[in-house]
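Residue-level structure breakdown
Each chain, letter by letter, is given below.
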Number of protein chains: 4
Amino acid sequence: MKQVKLGIIGAGRIGKLHAENMRGLPQAQVRAISDLYPDSLHSWADASGLPGVRVSGSYRDILDDAEIEAVLICSPTDTHIDLIKEALQAGKHIFCEKPISFNLRETAQIVELVKAKGLKFQTGFNRRFDHNMSRVQELVRAGRIGEPHLLRITSRDPEPPPESYIASSGGLFIDMAIHDFDLARFMMNSEVVEVYAQGAVLIDPVFAKHDDIDTATISLRFASGALGVIDNSRKAHYYDQRVEVFGSEGCLSIQNDTPNTAELHTAAGVYRDKPLYFFLERYTGAYVRELESFVQAIAGGADVPVSAYDGYQAELIAHAAKLSLRERRPIALQELEVALQQQQ
Amino acid sequence: MKQVKLGIIGAGRIGKLHAENMRGLPQAQVRAISDLYPDSLHSWADASGLPGVRVSGSYRDILDDAEIEAVLICSPTDTHIDLIKEALQAGKHIFCEKPISFNLRETAQIVELVKAKGLKFQTGFNRRFDHNMSRVQELVRAGRIGEPHLLRITSRDPEPPPESYIASSGGLFIDMAIHDFDLARFMMNSEVVEVYAQGAVLIDPVFAKHDDIDTATISLRFASGALGVIDNSRKAHYYDQRVEVFGSEGCLSIQNDTPNTAELHTAAGVYRDKPLYFFLERYTGAYVRELESFVQAIAGGADVPVSAYDGYQAELIAHAAKLSLRERRPIALQELEVALQQQQ
Amino acid sequence: MKQVKLGIIGAGRIGKLHAENMRGLPQAQVRAISDLYPDSLHSWADASGLPGVRVSGSYRDILDDAEIEAVLICSPTDTHIDLIKEALQAGKHIFCEKPISFNLRETAQIVELVKAKGLKFQTGFNRRFDHNMSRVQELVRAGRIGEPHLLRITSRDPEPPPESYIASSGGLFIDMAIHDFDLARFMMNSEVVEVYAQGAVLIDPVFAKHDDIDTATISLRFASGALGVIDNSRKAHYYDQRVEVFGSEGCLSIQNDTPNTAELHTAAGVYRDKPLYFFLERYTGAYVRELESFVQAIAGGADVPVSAYDGYQAELIAHAAKLSLRERRPIALQELEVALQQQQ
Amino acid sequence: MKQVKLGIIGAGRIGKLHAENMRGLPQAQVRAISDLYPDSLHSWADASGLPGVRVSGSYRDILDDAEIEAVLICSPTDTHIDLIKEALQAGKHIFCEKPISFNLRETAQIVELVKAKGLKFQTGFNRRFDHNMSRVQELVRAGRIGEPHLLRITSRDPEPPPESYIASSGGLFIDMAIHDFDLARFMMNSEVVEVYAQGAVLIDPVFAKHDDIDTATISLRFASGALGVIDNSRKAHYYDQRVEVFGSEGCLSIQNDTPNTAELHTAAGVYRDKPLYFFLERYTGAYVRELESFVQAIAGGADVPVSAYDGYQAELIAHAAKLSLRERRPIALQELEVALQQQQ
């Protein structure tokens with residue numbers, strides 16, 4: 001069977017995860033992985049049953065490898081733009097983790113560049129591939145709830161990231177809620193047109209120190225006329241990822257996945273284990289399926305399920321939320337786009 | 001056993017319900033019920049096992065009855081203010097359905113008047129007495145989730161009221177969401193300080209005709225710093241009444257009550273009956289408990305669990321939401337109260 | 001409205017419960033209640049809002065009251081037979097708590113006597129009126145699971161009764177599992193033809209002292225060919241009452257009712273309150289509905305929903321289970337009936 | 001990293017599954033797979049990302065390969081005994097699918113032989129490795145329910161196997177319920193001492209044709225004094241695999257796994273997808289973990305988690321159930337073992 005050969009740039013937690021997931025995809029083959037600190041990668045590759053993977057300290061080794069058709073960009077966000085441009089230059093298809101960049105104009109340019117080059121570009125919004133999320137979207141699309149009227153997303157992390165991460169994360173909206181903004185567009189099949197955000201620092205003052213927040217609620221208005229609310233927290237003690245879509249004919253909702261269905265009934269009450277801890281546990285299957293779809297798009301020539309434009313739209317909403325929080329008023333997305341064009 | 005003797009003014013659906021519930025309260029006795037259209041009440045009283053209840057066409061017969069210690073005001077909202085004033089004048093304790101009035105200043109005056117008279121006044125926020133709601137509030141108060149950070153309320157009616165009702169309802173915020181505003185204060189044990197509302201007409205244009213909406217989301221900011229979101233719809237096909245309080249140590253949430261726990265598993269999927277249809281089914285027990293607490297407050301001299309001030313605060317939030325929707329901006333409640341004082 | 005006038009013989013927990021429930025039934029009126037120890041009944045009647053109820057130390061006062069059409073027999077089981085005979089003699093309709101008697105032959109005679117007198121006789125199998133049980137039976141009867149193949153009943157008490165009760169209870173099968181035997185016939189709409197019982201004393205040796213057991217499993221075979229299993233325990237710390245009917249097209253099952261739907265999610269896991277504690281909490285509504293149906297049968301002339309024959313059949317299964325446990329073999333019910341006839 | 005090299009004998013559905021699962025186990029390597037009909041295996045190995053696996057038409061090629069330390073026996077049951085003997089002769093560790101054989105005496109001999117050879121032998125009871133089952137057992141072992149008193153197992157297949165399979169399956173108890181018998185010992189941590197089985201043909205007469213049944217209930221008595229009930233069906237339209245362990249301090253139970261947690265609420269009721277269809281979906285993870293533990297036992301020298309003796313005990317219970325059904329009486333396992341010794 002013809003295999004798609006890939007390279008991975010950035011061997012952090014997510015880069016390694018993608019490499020390991022590739023073991024289970026017969027149609028894909030990881031040829032090389034690069035990282036600024038490659039030393040530990042040899043033992044990892046061996047222990048992970050990936051002895052054949054070439055390890056390198058420079059992403060150039062990957063871009064220069066003519067056999068490699070596609071690259072996964074898993075390095076820090078501030079390196080994305082340059083890597084994407086070089087990779088496109090080298091004729092590689094691209095899978096890029098979110099966000100594409102911290103700068104809306106630069107992300108917009110990537111959208112254009114990808115179109116011009118005619119190469120595949122998939123943005124790493126893994127939640128679309130979650131068995132629960134995708135089932136809800138499928139049923140919404142099938143009209144099972146009629147016209148969508150209301151969207152409710154709860155998205156809470158188990159615990160705050162380290163301060164070093166907070167400092168360079170771009171803030172809660174761009175780092176964390178961006179997934180919810182993509183989910184909102186995915187579920188409602190309509191663009192967001194207006195955003196109003198409330199934020200607070202209730203968990204740890206360190207967020208205030210970096211002009212960030214740890215708790216938020218976001219109101220959304222969609223082009224369809226539908227409304228939505230999102231609530232976020234940086235500290236839920238487990239990964240709380242729920243969505244509900246309410247429409248003219250009914251309501252679709254999901255619960256969190258749990259490690260098991262065991263329930264203990266005693267005189268003191270009923271107990272069960274808490275939901276899965278974080279994204280590595282909750283989205284295990286989703287990460288495999290997003291890669292699978294990327295590889296199939298390359299092998300089969302179909303469109304990627306999540307485009308660069310999808311990445312841009314989610315960033316646009318995130319920047320609007322940031323502005324709304326600063327100016328304490330609802331922000332029409334059009335206002336930002338107009339400003340963007342004027343900058344050019 | 002000494003019984004508290006009551007009179008009911010207004011024999012609509014809710015007035016009759018209170019009368020029937022009284023049958024199960026040994027410590028209470030309904031002596032009389034009045035309505036502008038009393039004719040059908042005799043047969044109803046007989047069929048309901050309340051043959052002893054005196055039926056009248058005028059509320060004065062109730063206020064003039066020296067034996068009656070307390071009255072339940074269940075007539076249309078626009079009659080409340082005058083009835084309350086006359087009842088207080090007659091020295092009766094009062095249980096009044098929400099809202100106390102459509103006019104914030106008049107409601108404020110009632111709060112003062114009640115204080116001056118030293119009589120009991122309970123506002124009919126029945127949800128505080130729901131077995132699910134009260135259990136959540138109890139656990140929040142007990143500190144089981146630490147400091148409350150986020151509140152999520154979903155409150156959706158099964159179907160829109162008739163147009164005649166819509167025309168005089170005061171609008172979604174004052175007629176329907178007012179329950180959610182009271183619930184918000186009850187759950188978070190903190191006053192709401194800012195409101196931002198989004199509204200839409202997605203179900204029936206008749207709402208637009210009366211300058212009303214049928215779908216809404218409301219963002220709340222509490223004095224404690226916590227945030228909240230409410231979503232409302234006039235047409236959910238069943239009564240959707242859920243609340244979630246998320247805090248520093250955990251999260252408390254409830255599901256809708258269902259008529260039974262039966263589940264049917266077949267090749268086509270798993271099916272169960274939908275939640276209870278509307279407030280008469282869902283809040284059956286809550287209506288009994290709110291009356292019980294009112295009667296006990298009178299008999300025992302304790303405070304009523306829901307005061308006139310609670311009624312005022314909920315109305316204040318509702319008016320702020322209405323203003324926010326009109327002006328498309330967040331409204332600080334203080335802004336309204338200042339305006340109120342200036343009017344005086 | 002014409003009311004059915006009733007008398008209650010035996011003012012224990014259940015007799016009082018029926019009297020209090022009658023307050024909520026406009027079509028019924030409790031005229032008198034009798035008990036061997038009537039002294040405390042006056043204050044109870046007053047406190048329960050039943051001041052009009054006549055209290056007596058002798059059941060004869062009830063049977064001699066020509067105004068009373070029907071009696072509820074709530075006295076100890078060993079008094080049932082004589083009371084039933086006298087009540088039938090006095091021309092009263094009868095509602096009798098289970099079991100009708102400890103002696104199968106005497107119960108059989110009551111079945112005949114009732115038929116001869118043409119009076120109503122309802123056996124107190126309250127579970128048939130539970131909102132969950134009745135919904136399952138309704139759906140089974142409607143063919144939603146096709147042909148019933150398997151029945152699973154779990155029936156566990158929160159804690160063992162006092163030794164004095166155990167000594168005169170007739171044993172686990174006749175005192176406790178008898179409800180499950182009636183439920184089995186009700187759910188499967190087919191008679192039980194064979195029983196195999198396993199028993200053990202795992203909770204408290206006091207059961208062995210009285211030649212009783214505290215834990216059991218019972219295998220049933222139905223005339224339809226279907227199979228069933230029941231498990232019982234005297235100590236589950238709450239009332240565990242679940243049933244499942246599995247058929248050719250699907251499976252119907254219920255969960256226990258809970259005091260509320262609140263769930264607490266924390267780092268330690270997910271917690272909710274345990275199911276309702278015992279029959280008074282779980283079957284509140286069922287007790288009201290069984291009385292309602294009895295009263296309606298008298299007022300309207302319809303058949304009672306649970307007959308004396310139903311009481312007999314459940315006792316027959318219970319005696320078979322007892323024999324099976326003693327002889328460690330499956331018992332065909334026919335074997336018992338043949339023996340019964342030979343005794344006569 | 002040192003890898004354990006394995007060979008697979010029998011490339012049916014389960015043999016292939018094990019091979020594919022091995023891809024995800026860095027510590028294991030499949031060197032060869034044999035089947036009587038090897039032709040299609042080349043394309044399967046290629047498509048499955050196992051191009052390196054040697055394909056053969058004879059199991060001897062595997063037993064003769066000195067590099068192979070362990071074999072997985074996935075061929076039809078009637079070939080197990082000879083294959084096990086030859087594999088032990090060749091010094092291979094063995095993983096064998098259940099049942100070890102249809103003949104209790106032969107299985108007993110294997111238990112002895114394995115002991116004598118000092119090689120690892122794991123019986124393929126995959127359910128012990130299910131995330132739900134293992135969590136329940138873990139909590140039972142931890143004493144969370146005190147002393148186990150009652151066991152309830154429901155085990156139902158989605159649909160009957162083809163007649164050809166039925167004819168050579170050994171019957172419901174040995175083919176299907178054997179998993180439940182192992183689960184019973186695993187959960188209760190006590191040996192089964194007595195069995196009583198009820199059986200019926202309610203789904204398809206073809207079972208009667210082969211002197212088999214399609215529906216059953218089984219009563220168990222444990223050495224600890226605890227009791228248990230199992231119910232089985234060949235046609236539940238989905239895979240129904242639930243277990244409940246009830247003890248002195250509480251009750252542990254599990255629900256079936258579902259493909260997602262999405263719930264659709266409409267005016268018609270609440271709908272969700274049915275549980276996972278069959279063992280390949282439900283026990284995906286369990287199959288990986290059972291292999292992992294086998295490989296680790298070989299690499300690390302620890303004991304296998306499921307021994308040949310465990311296989312023997314489950315078969316013993318199955319044969320007792322078969323005898324109970326035939327003779328319509330409870331069977332003490334000792335009775336069978338005595339008979340077994342006399343045969344020798």
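Residues numbered from 1 in each chain as written. Chains lettered and ligands numbered in written order. Predicted model: local features only at pLDDT ≥ 70, side-chain atom pairs only at ≥ 80, totals over all residues. Heavy atoms only, no water.

Moving on: the overall build of chain A. Assigned secondary structure in chain A consists of 13 helices and 15 strands. Taking 344 residues into account, the globule formula puts the C-alpha radius of gyration at 20 Å, and chain A, at 21 Å, falls close to it. Along the first, second and third principal axes, the C-alpha set of chain A runs to 65 × 50 × 45 Å. Of all 344 residues assigned to chain A, the portion counted as buried reaches 63%. Pairs at least 24 apart in sequence give 72% of the contacts found in chain A among residues at least 6 apart. Accessible surface computed for chain A: about 12300 Å², of which carbon and sulfur atoms make up 50%. In chain A, the 36 positive side-chain charges and the 46 negative ones have mean positions that sit 2 Å from each other. (Helix = DSSP H or I, 4+ residues; strand = E, 2+ residues; numbered from the N terminus. Rg over C-alpha atoms; globule rule 2.2 N^0.38 Å. Buried < 20%, exposed > 50% of the residue type's maximum accessible area, 1.4 Å probe, protein only. Contact = heavy atoms within 4.5 Å. Areas by Shrake-Rupley, 256 points an atom, 1.4 Å probe, with all protein chains shown as cover. Lys, Arg positive; Asp, Glu negative; His and termini not counted. Charge placed at Lys NZ, Arg CZ, Asp CG, Glu CD.)

Turning next to the relation of the copies chain C and chain B. Once chain C is rotated about the relating axis by 180 degrees and shifted along it by 0.0 Å, it coincides with chain B to within an RMSD of 0.0 Å. Read as a symmetry element, the transformation amounts to a two-fold axis. Comparing contact sets, 100% of the residues at the interface of chain C also lie at the interface in chain B, consistent with an isologous, same-surface contact. (Least-squares fit on C-alpha atoms with pLDDT ≥ 70 in both.)

Residues and elements named next belong to chain A. Its location among the elements puts E106 in helix α5 (residues 104-117). Taking the relative accessible area as the measure of exposure, E106 reaches 32% and is therefore partly exposed. For the pair E106 and H237, spaced 131 residues apart in sequence, the C-alpha separation works out to 36 Å. Apart from residues no more than four positions distant in its own chain, E106 is found in contact with I81 and S101.

Turning our attention to the interface of chain C and chain B. Contacts between the two partners involve 34 residues from chain C, matched on the other side by 34 residues from chain B. Both sides of the chain C and chain B interface together cover about 2500 Å² of buried area, and 48% of this is carbon and sulfur. Counting every contact that joins chain C to chain B gives two salt bridges. At the level of elements, α2 (41-47), α6 (131-141), β12 (250-253) and β13 (263-266) of chain C are the ones that each hand at least two residues to the side of chain C that touches chain B. Across the side of chain C that touches chain B, the residue classes break down as 13 nonpolar, 13 polar and eight charged. (Buried area = accessible area lost by both parts, 1.4 Å probe. Salt bridge = Lys/Arg side-chain N within 4 Å of Asp/Glu carboxyl O. Nonpolar A, V, L, I, M, F, W, Y, C, P; charged D, E, K, R; others polar.)

This part takes up unusual backbone geometry. Residues and elements named next belong to chain B. With an omega dihedral of -15 degrees, the bond running from K98 to P99 counts as a cis peptide bond. As for its position among the elements, P99 is in the loop between β5 (93-96) and α5 (104-117). Notably, N189 is not glycine yet its phi reads approximately 50 degrees, a positive angle. Tracing the backbone shows N189 in the loop between α8 (172-188) and β8 (192-200). In this structure N189 comes out as exposed when scored by relative accessible area, which is 53%. The phi angle at R328 is positive, at roughly 50 degrees, despite the residue not being glycine. Looking at the secondary structure, you find R328 in the loop between α12 (308-327) and β15 (331-332). Look at R328 and you get partly exposed, because its relative accessible area is 46%.

Here we come to the pairing of strand β11 (residues 240-247) of chain C. All names here are of chain C. Most of β11 sits inside the fold, with eight of its eight residues counted as buried. Burial along β11 is two-sided: the residues D240, R242, E244 and F246 and Q241, V243, V245 and G247 are all buried. For strand β7 (residues 148-156) and β11, the ladder comprises eight bridges, and the chain directions are antiparallel. Paired with R152 across the bridge in β11 is E244. In terms of strand pairing, β11 meets β12 through three bridges, oriented antiparallel. Considered in β12, the bridge of F246 is made with C251. Taken together, β11 and the strand that follows it, β12, pair antiparallel across an intervening segment of two residues. (Pairing = 2+ DSSP bridges.)

Turning our attention to the sheet that holds strand β2 (residues 28-34) of chain D. All names here are of chain D. Spatially, β3-β2-β1-β4-β5-β6 is the arrangement adopted by the six strands of the open sheet, whose pairing is parallel. Since the sheet does not close on itself, it has two edges, and those belong to β3 (54-56) and β6 (121-123), each with one partner. When strand polarity is set aside, the average angle formed by the axes of neighbouring strands in this sheet is 20 degrees. Two strands pair when backbone bridges link them, and strand β4 (residues 70-73) and strand β5 (residues 93-96) are joined in this way by four bridges, in the parallel orientation. If you follow L72 over to β5, its bridge partner there is F95. Packed on one face of the sheet, helix α1 (residues 13-22) meets β1 (4-9), β2, β4 and β5 and runs near 160 degrees to β1. (Axes fitted to C-alpha atoms, helices over the stretch in contact; angles between N-to-C directions.)

Let's shift gears to the sheet that holds strand β1 (residues 4-9) of chain A. The strands that make up a sheet pair up through hydrogen bonds in the backbone, lying either parallel or antiparallel. All names here are of chain A. Read from one edge of the open sheet, six strands run β3-β2-β1-β4-β5-β6, paired in parallel fashion. Each end of this open sheet is capped by a strand with a single partner; those strands are β3 (54-56) and β6 (121-123). Shown here is a sheet whose adjacent strand axes are inclined to one another by a mean of 20 degrees, direction ignored. Sheet topology note: the strand β2 (residues 28-34)/β3 ladder contains three bridges and is parallel. Within the sheet, the bridge partner assigned to I33 lies in β3 and is V55. Here helix α1 (residues 13-22) sits on the sheet and contacts β1, β2, β4 (70-73) and β5 (93-96); the angle it forms with β1, its principal contact strand, is near 160 degrees.

This next bit is on the relation of the copies chain A and chain B. Relative to chain B, chain A is turned by 180 degrees and slid 0.0 Å along the rotation axis, the superposed coordinates differing by an RMSD of 0.0 Å. Interface overlap between copies: 100% of the residues of chain A at the interface are likewise at the interface in chain B, consistent with a symmetric, same-surface contact.

Before going further, it helps to spend a moment on the packing of helix α12 (residues 308-327) of chain D against helix α13 (residues 333-343) of chain D. Residue and element names in this part refer to chain D. It is the contact of α12 with α13, at a shortest axis distance of 9 Å, that shows an interaxial angle of 105 degrees. With respect to α13, the axis of α12 lies roughly perpendicular. Residues Y312, L316, I317, H319, A320 and L323 of α12 form the contact with α13, whose own contacting residues are L333, E335, L336, E337 and L340. Of the residues contributing to the contact of α12 with α13, the split by class is eight nonpolar, one polar and two charged. (Parallel < 35°, antiparallel > 145°, perpendicular 65-115°, else oblique.)

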